[in-house]
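# What the coordinates show
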Amino acid sequence: MKKIIPIVTLVLFLSCSISDALAQDKKSVDIDGTLKESIYHKYKKEVWAFDKKDFDNLFFEFFQKQNDTNIKLTKEEFYTYTIKIAIYSEKYGMLYKDHKTEAQQTKKEWFDKKYSDYLESKK
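Since the structure is predicted, the reported quantities are computational estimates derived from the model, not experimental observations.

### Focus on the nonpolar core
In terms of nonpolar packing, the biggest core is built from 21 residues, with V47, F62, L73, F78, I83, I85 and I87 touching the most fellow members. Taken together, the elements giving at least two residues each to this core come down to α1 (4–48), α2 (52–67), α3 (75–95), α4 (100–111) and α5 (115–121). Top contributing element to this core by residue count: α3, with eight residues. Those residues in contact with F62, other than ones at most four positions away along the chain, are L73, F78, Y81, T82, I85 and W110.

### So, the packing of α2 against α3
Taken N-terminus to C-terminus, the directions of α2 and α3 make an angle of 145 degrees; their axes are 10 Å apart at the nearest point. Crossing geometry of α2 relative to α3 is assigned as left-handed. Residues K52, F55, L58, F59, E61, F62 and K65 of α2 form the contact with α3, whose own contacting residues are F78, Y81, T82, K84, I85 and Y88. Considered class by class, the residues forming the contact of α2 with α3 number eight nonpolar, one polar and four charged.

### Let's talk about α3
Here α3 spans 30 Å end to end across 21 residues, near enough to the 30 Å set by a 1.5 Å rise per residue. Counting buried residues in α3 gives 15 out of 21 residues, a clear majority hidden from the surface.

### A short note on α2
Under the 1.5 Å per step criterion, the end-to-end length of α2 is 22 Å for 16 residues, consistent within 8% with the ideal 22 Å. Of the residues making up α2, those classed as buried are F55, L58 and F62. The buried residues of α2 occupy an angular sector of 60 degrees when the element is viewed end-on, so they sit on one face. Opposite the buried face of α2, at more than 90 degrees from it, the exposed residues are K52, K53, F60 and N67. Buried residues along α2 sit in contact with α3 and α4.

### Describing the environment of K72
Residue position: K72 is located in the loop between α2 and α3. Judged by its relative accessible area of 60%, K72 falls in the exposed class. Expressed as a C-alpha distance, the spacing of K72 and K122, which sit 50 residues apart in the sequence, is 7.7 Å. Once residues within four sequence positions are removed from consideration, K72 is found in contact with E77, Y118 and L119.

### Some thoughts on the pattern of salt bridges
In total, this model carries seven salt bridges according to the counting rule given. For the salt bridge of K65 with E61, the shortest nitrogen-to-oxygen distance reads 3.5 Å. One end of the pair is K65 and the other is E61, both in helix α2 and four residues apart, which spans about a single turn. Owing to a relative accessible area of 28%, K65 belongs among the partly exposed residues under this scheme. The class for E61 is partly exposed, based on a relative accessible area of 34%.

Here is what the cut-offs are and how they apply
- In this convention, every chain numbers its residues from 1, walking through the sequence in written order.
- Local features are withheld for residues below a pLDDT of 70 in this predicted model, meaning they are given only at 70 or higher, and side-chain atom pairs are given and counted only at 80 or more; totals for whole chains, interfaces and linings count all residues.
- Only hydrogens and water are set aside; all other atoms, that is, all heavy atoms of the structure, feed into the side-chain values.
- Throughout, nonpolar core names a set of buried Ala, Val, Leu, Ile, Met, Phe, Trp, Tyr and Cys residues whose side chains join them through atoms within 4.5 Å.
- Each residue is assigned to one of three classes by its accessible area relative to the maximum for its type, calculated with a 1.4 Å probe on protein chains only: buried under 20%, partly exposed between the two thresholds, exposed over 50%.
- Counting from the N terminus, the helices are the DSSP runs of H or I reaching at least four residues and the strands are the DSSP runs of E reaching at least two.
- Note on definitions: a residue-residue contact is assigned when non-hydrogen atoms from the two residues lie within 4.5 Å.
- Simply put, an axis is a line fit to the C-alpha atoms, just over the touching stretch for a helix, and the angle between two N-to-C directions goes from 0 to 180 degrees.
- Left-handed describes a crossing whose near helix is turned anticlockwise from the far helix through less than a right angle; right-handed describes the clockwise counterpart.
- Residues are grouped as follows: nonpolar covers Ala, Val, Leu, Ile, Met, Phe, Trp, Tyr, Cys and Pro; charged covers Asp, Glu, Lys and Arg; every other residue, Gly included, is treated as polar.
- For a helix, the expected span equals 1.5 Å multiplied by the residue count minus one.
- This arc corresponds to the set of directions leading from the helix axis out to the C-beta atoms.
- Salt bridges are identified by distance alone: a Lys or Arg side-chain nitrogen within 4 Å of an Asp or Glu carboxyl oxygen.

Structure follows, in structure tokens:
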């Protein structure tokens, strides 16, 4: 019995430490996730009203700013572009059912873009 108590204590300690560490990792991911979701809800109706020309302008503007060494987008600006592009991909999938799978994949890819990766590319 005396041998079991230290083992149980060790197991409980380790499981609490691991879950705490995982919760902290999720928290940092959720910060961007929350921002992305708020941008998504803020611009969804606007982007659904885009025509092809509006989307092309958005897409061109994003890549122009992204590749300009003199411009550094803020986190919110970066995610506004990427989430708007993701929303348009979602719209495209709804309009063209035969391209729904590709559109969903494209939406996911744009939604998964990370600001930290963008900052790395600016170095």
